[in-house]
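# Remarks on the overall topology
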Amino acid sequence: MSFNIDFENCGGIFSLPEFEEYRLRAVRAHEKLLTGAGEGSDMTLWHELPRITGEKELAEIKECAAEIQKTSDAFILIGIGGSYAGARGAIEFVKGRSYNLTAKDTPRIFYSGCDLSPDSINTVIDLTRDCDYSLNVVSKSGTTLEPALAFKIFYELMTKRYGESGAAKRIYVTTDPKKGVLRELSKKRGYRAFDVPPGVGGRYSVLTPVGLLPMAVCGVDIDEVMRGARDAYADFLNPDFDKNLCLMYAAARNYLYSREGKCVEIFASFEPGLHAFGEWLKQLFAESEGKNRGGIFPVFSAFSTDLHSIGQYIQDGAKNQFETIIWPKEPISDITVSKNNTGDGLSYLSGMKLSEINRYAMISSASAHRDGGVPNLTISFTRADAYSYGYLVYFFEKACALSGYILGVNPFDQPGVEAYKRYMRKLLKKPDA
């Protein structure tokens, strides 16, 4: 794949004497990750997944996906955070945001357990009322409130429709391999179960059955996903800073944060299919870096749409941001502007491809934002396909881990997530375990 990062709009930071400190920090962070000397090293198995995931495991996932495709018109993925965000990112990245509306031989997919809105759950109930469906509940503990509640509701509906034994054949569990509520239920009720490997946290679990099973159900080629991840694994093992784009990106974003006060990273894409991928990026970086009253705050913007709203703020507002533009160089499809002169004022675009116009919008916004005091870099790759998705997932997971170590935090825990849960338990009068 033609993967590259253009740092031109970052102000030549690599040549600055003060950047040397961040170059060294990135190299040390990389060594910590590879040797297991860093904090949270017991949760770094994700780093080896491209190398150790075998054909047997992938074949089991594909066989299960084929079973679901054969028996179901719809597929409900129940999970929150890393339990669903990576899979959704992959499906929309490869198949587009309108996946459910397109003609295909794979089931429509609906997401539940990612909020507590009754309207949200009732909508999924209504949309699956008149079709056969299967369900995959993803939760390492099995006790996270949002997915646990959604599963309870859909389990009762499924048993009414299919009976206990019939429902059991349509329920798939992805959870801790040895313990937890879902593991016990799968044994008791006969659900087919997949493992969340020990040593892999939720936001780093895309390349496990957590993400791979829903991808396969929706027709994403998981062999290609893992091939992309394997190539990224090999490409970013090099300890030489100047030959490792992952090290360079991690160092650059931390330099911009620590030396130039850029505490907000705007992940931006000009392709709507990358929106869900951007949501996964937000969780990956926010949970990994937002600690000790510091860290870079990640947001996602959909360009060129947002250039007509928050674009004003980016251009002329506070200068505490930098941008990371994610750019597939080849569109999946294209449109050529007609050469007919219809008096619409667009004759200057005659014969141009829409992808070319979109590229000019990307170049123009990057230049304008740079001139307005918002440095930016562009991560480009060939096209939005399964291979590229696997490659990008691994790149960003590793860059995030390195960035956490550069910042001096454990990038694999999320102690702050428990704060609101303590208040919830108190308000709901949940008994102590």
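For clarity, every value in this text was computed on a predicted model and none was experimentally measured. (Residues numbered from 1 in each chain as written. Predicted model: local features only at pLDDT ≥ 70, side-chain atom pairs only at ≥ 80, totals over all residues. Heavy atoms only, no water.)

### Things to note about the packing of helix α8 (residues 209-217) against helix α9 (residues 222-235)
Between α8 and α9, whose axes approach to 9 Å, the crossing angle comes to 140°. The orientation of α8 with respect to α9, classified from their angle, is oblique. Of α9, the residues touching α8 (which contributes Leu212, Met215 and Ala216) are Ile222, Val225 and Met226. Grouping the amino acids of the contact of α8 with α9 by side-chain chemistry returns 6 nonpolar, no polar and no charged. (Axes fitted to C-alpha atoms, helices over the stretch in contact; angles between N-to-C directions. Helix = DSSP H or I, 4+ residues; strand = E, 2+ residues; numbered from the N terminus. Parallel < 35°, antiparallel > 145°, perpendicular 65-115°, else oblique. Contact = heavy atoms within 4.5 Å. Nonpolar A, V, L, I, M, F, W, Y, C, P; charged D, E, K, R; others polar.)

### With respect to the sheet that holds strand β2 (residues 74-78)
Read across the open sheet, the 5 strands follow the order β3-β2-β4-β5-β6; overall the sheet is parallel. For this open sheet the edge positions go to β3 (108-112) and β6 (192-195), each flanked by a neighbour on one side alone. For this sheet, the mean inter-axis angle between neighbouring strands, taken without regard to orientation, is 20°. For β2 and β3, the ladder comprises 5 bridges, and the chain directions are parallel. Bridging across to β3, Ile76 finds its partner in Phe110. (Pairing = 2+ DSSP bridges.)

### Brief notes about the packing of aromatic side chains
The description of two aromatic rings rests on the distance between their centres and on the angle between their planes. Per the stated rule, a full pass over the model turns up 36 aromatic pairs. Seen from their ring centres, Phe14 and Phe241 are 6.2 Å apart, and the 70° between their planes marks the pair as edge-to-face. Of this pair, Phe14 sits in the loop between β1 (4-6) and α1 (20-35) while Phe241 sits in the loop between α9 and α10 (245-260), and the two are 227 residues apart along the sequence. In this structure, Arg170 is placed above the aromatic ring of Tyr162, and the distance from its NZ or CZ to the ring centre is 4.4 Å. Between the NZ or CZ atom of Arg189 and the centre of the ring of Tyr155, over which it lies, the distance is 4.0 Å. (Phe/Tyr/Trp six-rings, centres within 6.5 Å; stacked < 30°, edge-to-face > 60°. Lys NZ or Arg CZ within 6 Å of the ring centre and 35° of its normal.)

### Topic: the sheet that holds strand β8 (residues 297-302)
Hydrogen bonds between backbone atoms are what pair the strands of a sheet, whose relative direction is either parallel or antiparallel. Strand order in this open sheet of 5 strands is β1-β10-β9-β7-β8, and the pairing throughout is mixed. Edge strands, defined here as strands with exactly one partner in the open sheet, are β1 and β8. The mean angle between the axes of side-by-side strands here comes to 20°, regardless of whether they run parallel or antiparallel. When strand β9 (residues 321-328) meets strand β10 (residues 376-381), the two strands line up parallel, connected through 6 bridges. Bridged to Glu323 within β10 is Asn376. Seen against the sheet, helix α13 (residues 354-371) touches β9 and β10 and runs at an angle of roughly 165° to β9.

### Some remarks on the pattern of salt bridges
Scanning all chains against the criterion turns up 24 salt bridges. We note a salt bridge from Asp242 to Arg23, for which the minimum N-O separation is 2.8 Å. In this pair, Asp242 sits in the loop between α9 and α10 while Arg23 sits in helix α1, placing the two residues 219 residues apart along the sequence. Exposure remark for Arg23: the relative accessible area of 17% places this residue in the buried category. The salt bridge partner of Glu92 is Arg97, with a shortest N-O separation of 3.8 Å. A cluster of three or more residues bridged by salt bridges with shared partners is formed by Glu20, Arg23 and Asp242. (Salt bridge = Lys/Arg side-chain N within 4 Å of Asp/Glu carboxyl O. Buried < 20%, exposed > 50% of the residue type's maximum accessible area, 1.4 Å probe, protein only.)

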